[in-house]
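Residue-level listing of the chains:
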Amino acid sequence: MSETAGEAKPEVKQASKEVKESENVAEKYSAMTVSKNSDINMGELASVFSAVPTHKPVKKQIQFVEEKQEFSRFPTKTGRRSLSRSISQSSTDSYSSAASYTDSSDDETSPRDKTQINSKGSSDFCVKNIKQAEFGRREIEIAEQDMSALISLRKRAQSEKPLAGAKVVGCTHITAQTAVLIETLVALGAQCRWTACNIYSTQNEVAAALAEKGVAVFAWKGESEDDFWWCIDRCVNTEGWQPNMILDDGGDLTHWVYKKYPNVFKKIRGIVEESVTGVHRLYQLSKAGKLCVPAMNVNDSVTKQKFDNLYCCRESILDGLKRTTDVMFGGKQVVVCGYGEVGKGCSAALKALGAVVYVTEIDPICALQACMDGFRVVKLNEVIRLVDVIITCTGNKNVVTRDQLDRMKNGCIVCNMGHSNTEIDVASLRTPELTWERVRSQVDHVIWPDGKRVILLAEGRLLNLSCSTVPTFVLSITATTQALALIELYNAPEGRYKQDVYLLPKKMDEYVASLHLATFDAHLTELTDEQAKYLGLNKNGPFKPNYYRY
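As recorded in an unreviewed UniProt entry, the protein goes by Adenosylhomocysteinase like 1 and comes from Cyprinodon variegatus. Regarding the protein, the UniProt comment filed under Sequence similarities (unreviewed entry) reads as follows: "Belongs to the adenosylhomocysteinase family." Taken directly from UniProt, the Cofactor (unreviewed entry) text for the protein runs: "NAD(+)".

What follows is the structure, given as structure tokens:
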């Protein structure tokens with residue numbers, strides 16, 4: 001749920017043929033409306049939305065973790081009960097959830113050692129405790145109340161079943177909000193098997209509710225890394241069922257299928273990826289000529305970048321810090337590493353509460369934005385001894401090094417708002433001379449020999465999903481985008497999408513936004529024929545060119 005700050009985005013350059021196709025699409029769509037009272041044919045919607053291929057980034061890509069560690073052997077039972085404190089170089093250690101109804105320590109028995117059956121007699125799942133399903137159902141019902149746009153999409157399209165025949169394997173956070181998405185996909189005709197993209201983000205009661213409903217879920221809060229890969233494999237490798245669509249968050253599922261089941265990977269009809277890390281992985285495969293299926297880059301869609309990344313983090317950064325440290329922000333000196341959409345949201349929230357905020361950046365454009373927004377742009381080493389809080393949100397690695405950790409003041413709070421746990425060099429703190437003291441859930445004091453303490457949150461994983469929750473409404477925007485991307489890829493005629501990575505079309509972004517306006521009783525102004533002609537626009541959109549930056 002973050003973006004790489006200052007990262008150069010792939011340019012979207014339209015060849016003349018592509019421009020002509022886009023014009024045809026606009027003409028075909030002109031008869032359709034996106035008002036909340038209109039009925040939209042989902043088959044027509046899928047045939048209209050055609051995404052624009054992006055050029056591959058020229059910058060150095062984030063590399064996959066070493067295959068030796070992840071894929072050289074099939075997971076065994078050895079060490080599967082290892083605690084969360086083990087060091088991981090994969091996104092299995094990226095984030096967790098503080099919102100689970102019960103703590104995973106309530107029952108030390110591994111779910112893999114249990115035999116559980118839901119009320120329908122099925123045992124095709126592996127969750128912490130199926131008996132928590134009733135509590136999970138309540139969580140999901142609460143989430144549905146603030147995800148009205150996604151529910152609206154479900155009601156409009158479920159009679160047509162645009163995903164009938166789709167076999168979707170998913171790897172995302174398993175929370176009440178994503179459960180609404182999963183059940184929407186099922187209502188639209190898809191068969192789903194699901195696992196968690198992270199070992200700590202699962203809400204156990206929600207996973208139980210999904211399993212009770214008949215969704216094959218393999219996830220629980222507090223998995224070991226071995227459990228993580230075992231759960232992914234159980235989703236993919238099952239007798240009599242082969243996935244034809246992938247919905248991923250972080251790229252671990254896609255990479256597992258690509259490495260372990262190449263024949264299955266070749267038959268996938270489309271991949272939908274929502275994280276910057278996963279998108280990097282897809283571009284890497286594409287650049288190497290190894291991406292043999294079309295993929296949708298949801299991370300760089302407007303409705304993801306400008307809402308999930310910005311507004312979600314603007315609120316959840318404060319929630320996570322308050323719940324874990326009870327810190328008062330007024331007068332505190334804070335450094336935010338990275339001024340992408342996540343960094344912008346974090347900085348604005350902290351400034352509003354009276355904190356003195358510094359920003360570090362590699363990109364001169366983002367740095368200039370920070371300056372114009374009233375923040376001082378510095379190098380981390382210039383303020384490392386002064387600041388009270390350090391927040392990373394770059395998507396990079398080793399943004400905060402051991403040398404910098406050694407020079408921090410006593411009581412400095414260190415946390416991460418990026419997708420992966422690579423930004424803070426936590427591994428360097430696992431040495432005999434340093435003492436780790438767990439003071440509360442997801443809060444560790446790392447104590448130096450001289451008595452200095454650094455407060456490390458969530459062991460460097462994503463703070464908001466590790467230590468708090470995230471706003472339901474903004475996740476509805478992302479989930480609706482994901483659902484439409486799946487519908488588009490699954491229903492697209494052969495040849496529309498090549499073996500490449502595509503951005504979502506502007507019209508789809510506008511449609512997702514329009515679905516959510518009713519929540520605010522917002523009323524759009526309509527162009528007159530004369531105004532539309534003057535601007536050279538279709539009255540029904542799209543209203544901005546693909547290269548427009550909001």
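Asks: Please provide a residue-by-residue account of the pairing of strand S5 (residues 245-248), values included.
Replies: In S5, alternate side chains face the same way, and those of Met-245 and Leu-247 on one face and Ile-246 and Asp-248 on the other are all buried. Across 4 bridges, strand S2 (residues 167-172) lies against S5 in parallel orientation. Pairing of Gly-170 across the sheet is with Leu-247, part of S5. Bridging between S5 and strand S6 (residues 270-273) involves 4 bridges; their strand directions are parallel. Within S6, the position partnered with Leu-247 by the bridge is Val-272.

Asks: Any details on the pattern of salt bridges? Residues and values, ideally.
Replies: A complete count under the given rule lists 21 salt bridges for this structure. Here Arg-154 makes a salt bridge to Glu-144, at a shortest N to O gap of 3.9 Å. Pair noted here: Arg-154 is in helix H5 (residues 148-157) and Glu-144 is in helix H4 (residues 133-145), with a separation of 10 residues, a long-range link. Linking Asp-406 and Arg-402 is a salt bridge whose minimum nitrogen-to-oxygen distance equals 2.8 Å. Residue Asp-406 and its partner Arg-402 are both found in helix H16 (residues 402-407); the two are separated by 4 residues, about one turn of the helix. Each of Arg-430, Arg-438, Asp-444, Glu-459 and Arg-461 takes part in a single network of salt bridges with overlapping partners.

Asks: Residue-level account of the sheet that holds strand S14 (residues 443-447), with values.
Replies: Read across the open sheet, the 8 strands follow the order S10-S9-S8-S11-S12-S15-S14-S13; overall the sheet is mixed. Each of the sheet's edge strands pairs with one partner strand only, and the pair in question is strand S10 (376-377) and strand S13 (435-440). Together, strand S11 (389-392), strand S12 (412-416), S13, S14 and strand S15 (453-457) form the strand contacts of helix H12 (residues 302-325), whose direction differs from that of S15 by roughly 130°.

Asks: Outline H5, listing residues and values.
Replies: Every α-helical turn comprises 3.6 residues, leaving residues that sit three or four positions apart pointing alike. Across the 10 residues of H5, 7 count as buried, placing the element largely inside the fold. When H5 is considered as a whole, its buried residues turn out to be Ala-149, Leu-150, Ile-151, Leu-153, Arg-154, Arg-156 and Ala-157.

Asks: Summarise the packing of aromatic side chains; cite the residues concerned and give the values.
Replies: Taken as a whole and judged by the stated rule, the model has 10 aromatic pairs. Taken together, the aromatic side chains of Phe-218, Trp-220 and Trp-230 make up a single cluster linked through ring pairs. Lying over the aromatic face of Trp-241, Arg-193 brings its terminal NZ or CZ to 5.7 Å of the ring centre. Taking NZ or CZ as reference, Lys-544 lies 5.3 Å from the ring centre of Tyr-548, over its face.

Asks: Help me get a handle on the packing of helix H18 (residues 472-491) against helix H19 (residues 506-517), residues and values and all.
Replies: The contact between H18 and H19 brings their axes to 10 Å, and the two run at 140°. It follows that H18 is oblique to H19 by the angle criterion. At the point where H18 passes H19, the crossing takes the right-handed sense. Only Met-508, Tyr-511, Val-512, Leu-515 and His-516 of H19 make contact with H18, whose side of the interface consists of Phe-473, Ser-476, Ile-477, Thr-480, Thr-481, Leu-484, Ala-485 and Glu-488. In the contact of H18 with H19, the residues fall into 8 nonpolar, 4 polar and 1 charged.

Asks: Report on unusual backbone geometry, specifying residues and quantitative values.
Replies: Residue Pro-542 is bonded to the preceding Gly-541 through a cis peptide linkage, with omega at 0°. Topologically, Pro-542 is positioned in the segment after helix H20 (529-535). Although it is not a glycine, Gln-442 adopts a positive phi angle of roughly 65°. Positionally, Gln-442 belongs in the loop between S13 and S14. Among the residues examined, Gln-442 registers a relative accessible area of 8% and is labelled buried. One non-glycine residue with positive phi stands out, namely Glu-459, at about 50°. Residue class for Glu-459 comes out buried when judged on its relative accessible area of 5%.

Asks: Residues and numbers for the nonpolar core, please.
Replies: One finds Ile-174, Leu-185, Ile-317, Leu-321, Leu-350, Ile-391 and Met-417 to be the most contacted residues of the largest nonpolar core, which totals 96 residues. Top element by residues in this core is H18. It accounts for 12 residues. A domain-level breakdown of this core finds at least three residues from each of domain 1 (111-300 + 493-520) and domain 2 (310-467). Leave out the neighbours within four places in its chain, and Leu-321 touches Asp-326, Val-327, Phe-329, Leu-350, Ile-391, Ile-413, Cys-415, Leu-457 and Leu-463. Ranked by size, the runner-up nonpolar core spans 35 residues in total, among them Ala-216, Phe-218, Val-236 and Tyr-261.

Asks: I'd like a rundown of the confidence of the model for the protein, residues and numbers included.
Replies: Taken over all residues, the pLDDT of the protein has a mean of 84, while the share at 70 or more is 81%. For residues 1-40, every residue scores under 50 in pLDDT, and the model assigns this stretch 97 contacts once sequence neighbours within four places are set aside. Here residues 56-105 is a poorly scored stretch, pLDDT under 50, and it has 147 contacts once near neighbours within four places are set aside; other chains count.

Procedures and definitions
Residues numbered from 1 in each chain as written. Predicted model: local features only at pLDDT ≥ 70, side-chain atom pairs only at ≥ 80, totals over all residues. Heavy atoms only, no water. UniProt positions renumbered as here; feature names shortened; annotations may be inferred. Buried < 20%, exposed > 50% of the residue type's maximum accessible area, 1.4 Å probe, protein only. Helix = DSSP H or I, 4+ residues; strand = E, 2+ residues; numbered from the N terminus. Pairing = 2+ DSSP bridges. Salt bridge = Lys/Arg side-chain N within 4 Å of Asp/Glu carboxyl O. Contact = heavy atoms within 4.5 Å. Axes fitted to C-alpha atoms, helices over the stretch in contact; angles between N-to-C directions. Phe/Tyr/Trp six-rings, centres within 6.5 Å; stacked < 30°, edge-to-face > 60°. Lys NZ or Arg CZ within 6 Å of the ring centre and 35° of its normal. Parallel < 35°, antiparallel > 145°, perpendicular 65-115°, else oblique. Left-handed = near helix turned anticlockwise from the far one by under 90°. Nonpolar A, V, L, I, M, F, W, Y, C, P; charged D, E, K, R; others polar. Core = buried A, V, L, I, M, F, W, Y, C linked by side-chain atoms within 4.5 Å. Domains from an automatic or database assignment. pLDDT = per-residue confidence, 0-100.

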